[in-house]
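Take a look at the letters that make up each chain.
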Amino acid sequence: MSMNLTLSREDVVRLCERIEGAQTRAYAIPKLTDEYPEMTIGDGYAVQLALRQRFLAAGHRQVGWKAGLTSKAKMIQMGVSVPSIGFLTDRMARPESSAIKTSDLVHPRVECEVAFVMKKTLKGPNCTRQDVLDATDYVLPAVEIIDSRFSGFKFDLASVVADNGSSARFVGGGRARYVEDIDLRTLGVVMEKNGEIVTMGASAAVLGHPAEAIAMLVNILAELGEELPAGSFVMSGGITEAVAVKPGDSIVARFQELGSVSMRFIE
């Protein structure tokens, strides 16, 4: 992945402010590459870092990271070939069974993910699936509410990375399990919207094994000069494609061996 930069510091700050406005006030913006066609993935991460520093300075607390675009279905849906990562803060977390407001989101969609909680710090490069499993305290089921801030769902990887991988909200729940007690490759997942099954999948959809997505995330962090701290909450990427939600919808994600996670959406 090319981490070279084409944007000036001023451009990075300007794009960071543009993204922050769209995220905090819930309006759509054109994809960033419309104005900066040369923008690289590295530029996207520079904007994401500026956004993270701004959120932390405003009192948000970083709780972990997420891998995005890790399933073939998701890559095809988005027209990209490399996964991406984004940061998670305490203000994105919502309790199990909560009512989540859609009025502060632009295009909310939900996807099922396996979340990992780390007991050891991991550093790349060359982090492997086994390194991840050895460093994991436990896994639990999660639903991520993603929200692309780009109008007309037109975007590319550099813009998505700058927009923090469309991170918006997440809900963890169900039953926490030790990795040695379950087969993380074969977990079946079913998502129900208003009592109807809307999508299903198996955890192998995430790069063959969800821990592969975490290893890849650790290796991308290494390229950015960072590590994955012990205690981090990490989402391994959507097992299913993302399903759009609107006020009045209720979602239940049922995970084999891990229980279920539910939430409802309000205006």
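Our structure's up above, just so we're on the same page.
So, here's what we can say about the structure. This one's a predicted model, so the numbers in the text were calculated from it and none came from an experiment.

Helices and strands together make up the secondary structure of the protein chain, namely 6 helices and 12 strands. In terms of C-alpha radius of gyration, the protein chain reaches 17 Å, essentially the compact-globule figure of 18 Å for 267 residues. Counting only C-alpha atoms, the protein chain reaches 50 × 45 × 35 Å along its principal axes. Buried residues in the protein chain amount to 54% of all 267 residues. Looking at the protein chain alone, contacts between residues at least 24 apart form 77% of all its contacts between residues at least 6 apart. For the protein chain, the accessible surface area stands at approximately 10,800 Å², while carbon and sulfur atoms represent 51% of it. The averaged location of the 33 negative side-chain charges in the protein chain is 3 Å from the averaged location of its 29 positive side-chain charges.

A few words now on helix 2 (residues 41-57). Taking 1.5 Å of rise per residue, 17 residues should cover 24 Å, and helix 2 covers 24 Å from first to last C-alpha, within 8% of that figure. Among all positions of helix 2, only Ile41, Gly42, Asp43, Gly44, Tyr45, Ala46, Val47, Gln48, Ala50, Leu51, Arg52 and Phe55 are buried. In the core, the buried residues of helix 2 are packed alongside helix 1 (9-25), strand 1 (62-68), strand 2 (84-89), helix 5 (157-162) and helix 6 (210-223).

What follows deals with the side chain of glutamate 20. If you trace the backbone, glutamate 20 turns up in helix 1. With residues up to four places along the chain from it excluded, the contact list for glutamate 20 reads Leu51, Arg54 and Phe55.

Moving on to helix 6. With 14 residues, helix 6 ought to run about 20 Å at 1.5 Å a step, and its terminal C-alpha atoms sit 21 Å apart, in line with that. Where helix 6 is buried, its residues contact helix 2, strand 1, strand 2, strand 4 (108-118), helix 4 (129-135) and strand 9 (233-235). Looking one or two places after helix 6, you find glycine 225, whose phi comes out positive at around 75 degrees.

With that settled, consider the pairing of strand 6 (residues 167-172). With 5 of 6 residues buried, strand 6 is to be regarded as a mostly interior element. Relative to strand 6, strand 5 (residues 136-147) runs antiparallel, the two sharing 5 bridges. Within the sheet, the bridge partner assigned to valine 143 lies in strand 6 and is valine 171.

Looking now at the pattern of salt bridges. Going through the model one piece at a time under the given rule, you end up with 18 salt bridges. Glutamate 35 is paired through a salt bridge with arginine 14; the nearest N and O atoms lie 2.6 Å apart. Here arginine 14 lies in helix 1 and glutamate 35 lies in the loop between helix 1 and helix 2, a separation of 21 residues in the sequence. Take arginine 14: its relative accessible area is 38%, and that puts it in the partly exposed class. One connected set of salt bridges, linked through shared partners, spans Asp11, Arg14, Arg18 and Glu35.

Structurally, serine 167 can be placed in strand 6. Excluding its chain neighbours within four sequence positions, the residues that come into contact with serine 167 are Lys66, Phe87, Leu88, Met92, Glu144 and Arg149.

Turning our eyes to something else, we now look at the nonpolar core. Counting residues in hydrophobic clusters, the biggest one holds 86 residues, and the most contacted among them are Val110, Phe116, Val132, Leu184, Leu228, Phe233 and Met263. Of the residues forming this core, the biggest block, 9 residues, is contributed by helix 6. Beyond its immediate sequence surroundings of up to four residues, leucine 228 is in contact with Trp65, Met118, Lys120, Thr121, Leu122, Ile214, Leu217, Val218, Leu221 and Val234.

Relative orientation of the contacting elements helix 1 and helix 2 amounts to 60 degrees, with a least axis distance of 9 Å. Of the possible angle classes, the one that applies to helix 1 and helix 2 is oblique. Considering how the two elements wind past one another, helix 1 and helix 2 form a crossing that is right-handed. On helix 2, the residues touching Arg9, Val12, Val13, Leu15, Cys16, Glu17, Ile19, Glu20, Gln23 and Thr24 of helix 1 are Ala46, Val47, Ala50, Leu51, Arg54 and Phe55. Here the contact of helix 1 with helix 2 is built from residues that sort into 10 nonpolar, 2 polar and 4 charged.

Calculation criteria
Residues numbered from 1 in each chain as written. Predicted model: local features only at pLDDT ≥ 70, side-chain atom pairs only at ≥ 80, totals over all residues. Heavy atoms only, no water. Helix = DSSP H or I, 4+ residues; strand = E, 2+ residues; numbered from the N terminus. Rg over C-alpha atoms; globule rule 2.2 N^0.38 Å. Buried < 20%, exposed > 50% of the residue type's maximum accessible area, 1.4 Å probe, protein only. Contact = heavy atoms within 4.5 Å. Areas by Shrake-Rupley, 256 points an atom, 1.4 Å probe, with all protein chains shown as cover. Lys, Arg positive; Asp, Glu negative; His and termini not counted. Charge placed at Lys NZ, Arg CZ, Asp CG, Glu CD. Expected span 1.5 Å × (residues − 1). Pairing = 2+ DSSP bridges. Salt bridge = Lys/Arg side-chain N within 4 Å of Asp/Glu carboxyl O. Core = buried A, V, L, I, M, F, W, Y, C linked by side-chain atoms within 4.5 Å. Axes fitted to C-alpha atoms, helices over the stretch in contact; angles between N-to-C directions. Parallel < 35°, antiparallel > 145°, perpendicular 65-115°, else oblique. Left-handed = near helix turned anticlockwise from the far one by under 90°. Nonpolar A, V, L, I, M, F, W, Y, C, P; charged D, E, K, R; others polar.

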